[in-house]
Amino acid sequence: MLSELELRVLSFIKDKGVTSSTEISASLGLPKSSVFSVVYHLASEGYVRIVSTKKERKLVLTEEGETRLKAGFPEEKLLKILSRGPVKVQEAKDVLGKDFEIAMSWAKKRGLINIQRGEITSLVQTYKAPERELLEKAKRGERLGVDEVSLLKGRNLVEEKEETEIEVEFLREPELRSALLFLTPELIRSGEWRKYEFKKFNVRALPPYVPIGKKHYFREFIERAKEVMISLGFSEVKSDYVEMEFYNFDMLFQPQDHPAREIHDSFRVEGKGEIKDEELLKKVKEVHEKWWNYKWDQEVALRLVMRSQTTATTARVLSTSPKPPARVFTIGKVFRPDAIDATHLIEFHQLDGLIVEEDFNLRKLLGVLKEIFAGLGIKEIKFKPAYFPFTEPSVEVYGWIDRLGWVEMAGAGLLRPEVTEPAGVYSPAGAWGLGLDRLAMLFLGVKDIRDLYSDDIEFLRSRKVEAQW
Ligand SMILES: N[C@@H](Cc1ccccc1)C(=O)O
């Protein structure tokens, strides 16, 4: 079957009987190269015959020729200006710019103007440059006389180029069979189907891929963790990434010479914070000096760091002396210097929680943790005694993951009175901190932690939306 373009060319050749590649190209507005390929194809299929192929020297319009044809010749422009009456030489110069000299020389040569006392007068009514028609002819591929060619060449409007020219003759009509999309009982019964070609279908072609908007998969995971906490009766709290050492460390009973406060363990930020609660500062100072036995420095406490644990948010909640019963949680980024690789980043997410209740105890805390982990999809957990400066007793929480076994997932414990009492909290309080990134990696089947933060749109689109976990 012939393409639309081939049919167009064939019908042109049919109208002409015999024609040339130049004529086809000019009349149908096709580049020569496509005319050749179409004509050769038509010939090979027997619709046309190539009568002759010759190399010919052809006139082609130069760039200047093309623009003059479109925008007008300088002398035409000059005469147009003069059509409203005589004009001063300088004025014509101003209007015509660099075209002025050419315009004047051709207008004089052709006896179109008269110059007297610095004024130009037109001697004709209207003027159309004869070059215009010649250029149009040249463009259509028509022959020009020797003088005509030299005129155009002299004005740099055309140049000669060697071109292949084919002469082609019409032979036969194209078949008017169109492709059949549907085969109906009528077509089969009448035998009509024989007249058609069948439209071919590629049954292996994939349907168009339409990406739909969806949340970043790690964000989705974090939001589900929030839902779990809210369903257990916790309220969400938040605090800033840039934190005073006071909340990140001091209030959590981490002494100022504790290695975790060294620069290698948290990112220092220039500047310092401010704490108005003198009473709180005094009590924290007392408790540090009494139990850790060193000179507590308020300036150190007011230094800024990128928070290294979301327990800093818990400390901020405590500093407001929450009345029991209180259940709060926070989910957010924390920052720790580290060498980045497939399992370590310098920023990651923690979920910290705090419960303040009159008769709270470790057993209850472990029960709550069991519920939280069940909500997150970890059915089996176990606890191991551990140490944190701010809790006593302290535990590490391990969760069971098929194929991996027991994986450490969280730290928890009852907050020490050294932490709660300076803040005016006298009821028992449980707290925990849970790393979300590793959990997310396990659930989402992510091998490289950096993929959790990927902004590669193709990768993100390839992630399945998790219906449940
Ligand atoms: N903040 C601790 C975890 C923790 C929080 C609260 C209580 C006990 C432990 C950590 O980042 O490792």
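Rules used throughout
Residues numbered from 1 in each chain as written. Predicted model: local features only at pLDDT ≥ 70, side-chain atom pairs only at ≥ 80, totals over all residues. Heavy atoms only, no water. Near = heavy atom within 4 Å. Polar contact = N/O pair within 3.5 Å; in protein donor to acceptor, adjacent residues only side chain to side chain. Areas by Shrake-Rupley, 256 points an atom, 1.4 Å probe, with all protein chains shown as cover. Helix = DSSP H or I, 4+ residues; strand = E, 2+ residues; numbered from the N terminus. Domains from an automatic or database assignment. Contact = heavy atoms within 4.5 Å. Salt bridge = Lys/Arg side-chain N within 4 Å of Asp/Glu carboxyl O. Buried < 20%, exposed > 50% of the residue type's maximum accessible area, 1.4 Å probe, protein only. UniProt positions renumbered as here; feature names shortened; annotations may be inferred. Pairing = 2+ DSSP bridges.

### Considerations on the site of the ligand
Okay, step 1: Near the ligand lie 13 residues; those nearest to it are Gln309, Thr311, Arg336, Gln350 and Gly433.
Okay, step 2: Arg336 has a polar side-chain atom sitting 3.0 Å from an oxygen atom of the ligand.
Okay, step 3: Protein chains bury 89% of the 330 Å² of accessible surface belonging to the ligand in isolation.
Okay, step 4: Of all elements in the fold, only strand S14 (347-356), strand S17 (405-415) and strand S18 (429-435) reach the threshold of two or more residues within the shell around the ligand.

### A look at the domain arrangement of the protein chain
Okay, step 1: On domain assignment, one finds that the protein chain holds domain 1 (4-63 + 141-170), domain 2 (73-128) and domain 3 (217-462).
Okay, step 2: Taking only C-alpha atoms, the centre of domain 1 and the centre of domain 3 are 81 Å apart.

### A few points about the environment of Gly46
Okay, step 1: Counting through the fold element by element, Gly46 comes out in the loop between helix H3 (32-44) and strand S2 (48-61).
Okay, step 2: Separated by 142 residues in the primary sequence, Gly46 and Ile188 have C-alpha atoms spaced 31 Å apart.
Okay, step 3: Gly46 has contacts with Leu171 and Arg172, leaving out every residue within four places of it along the chain.

### Brief notes about the pattern of salt bridges
Okay, step 1: Under the defined criterion, the tally for this structure stands at 32 salt bridges.
Okay, step 2: The closest approach of N and O atoms between Glu66 and Lys139, which form a salt bridge, is 3.1 Å. Residue Glu66 is found in helix H4 (residues 63-71), and its partner Lys139 is found in helix H8 (residues 130-140); the two are separated by 73 residues along the sequence.
Okay, step 3: On the accessibility criterion, Glu66 (28% relative accessible area) is partly exposed.
Okay, step 4: Using a relative accessible area of 46% as the deciding quantity, one classes Lys139 as partly exposed.
Okay, step 5: Of the charged contacts in the structure, one is a salt bridge between Arg110 and Glu75, with a shortest N-O distance of 3.9 Å. With Arg110 in the loop between helix H7 (100-109) and strand S4 (113-116) and Glu75 in helix H5 (residues 74-82), this residue pair connects regions lying 35 residues apart in the sequence.
Okay, step 6: You can call Arg110 partly exposed: its relative accessible area is 26%.
Okay, step 7: Judged by its relative accessible area of 0%, Glu75 falls in the buried class.
Okay, step 8: Residues participating in the shared-partner salt-bridge network are Glu64, Arg68, Lys77 and Asp99.

### Some remarks on the UniProt feature "binding site: L-phenylalanine" (unreviewed entry) in the protein chain
Okay, step 1: Mapped onto this numbering, the UniProt entry gives "binding site: L-phenylalanine" (unreviewed entry) at Thr311, Gln350, Leu351, Asp352 and Phe390.
Okay, step 2: Along the polypeptide, Thr311 turns up in helix H15 (residues 311-318).
Okay, step 3: Among all residues touching Thr311, those that are not within four sequence positions of it are Leu252, Asp352 and Phe390.
Okay, step 4: With respect to the secondary-structure elements, Asp352 resides in strand S14.
Okay, step 5: Every residue in contact with Asp352, bar those within four places of it in the chain, is listed here: Thr310, Thr311, Thr314, Val328, Phe329, Thr330, Trp432 and Gly433.

### Here we look at the pairing of S17
Okay, step 1: With respect to burial, S17 is a largely interior element, nine of its eleven residues being buried.
Okay, step 2: Here nine bridges tie strand S16 (residues 391-401) to S17, and the two strands are oriented antiparallel to one another. Bridge assignment links Val395 to a residue of S17, and that residue is Ala412.
Okay, step 3: Between S16 and S17, which follow one another and run antiparallel, lie three residues, and Arg403 among them has a positive phi close to 75°.
Okay, step 4: Where S17 lies against S18, five bridges are found, and the strand directions are antiparallel. Note that in S18 the partner of Ala410 across the bridge is Leu434.

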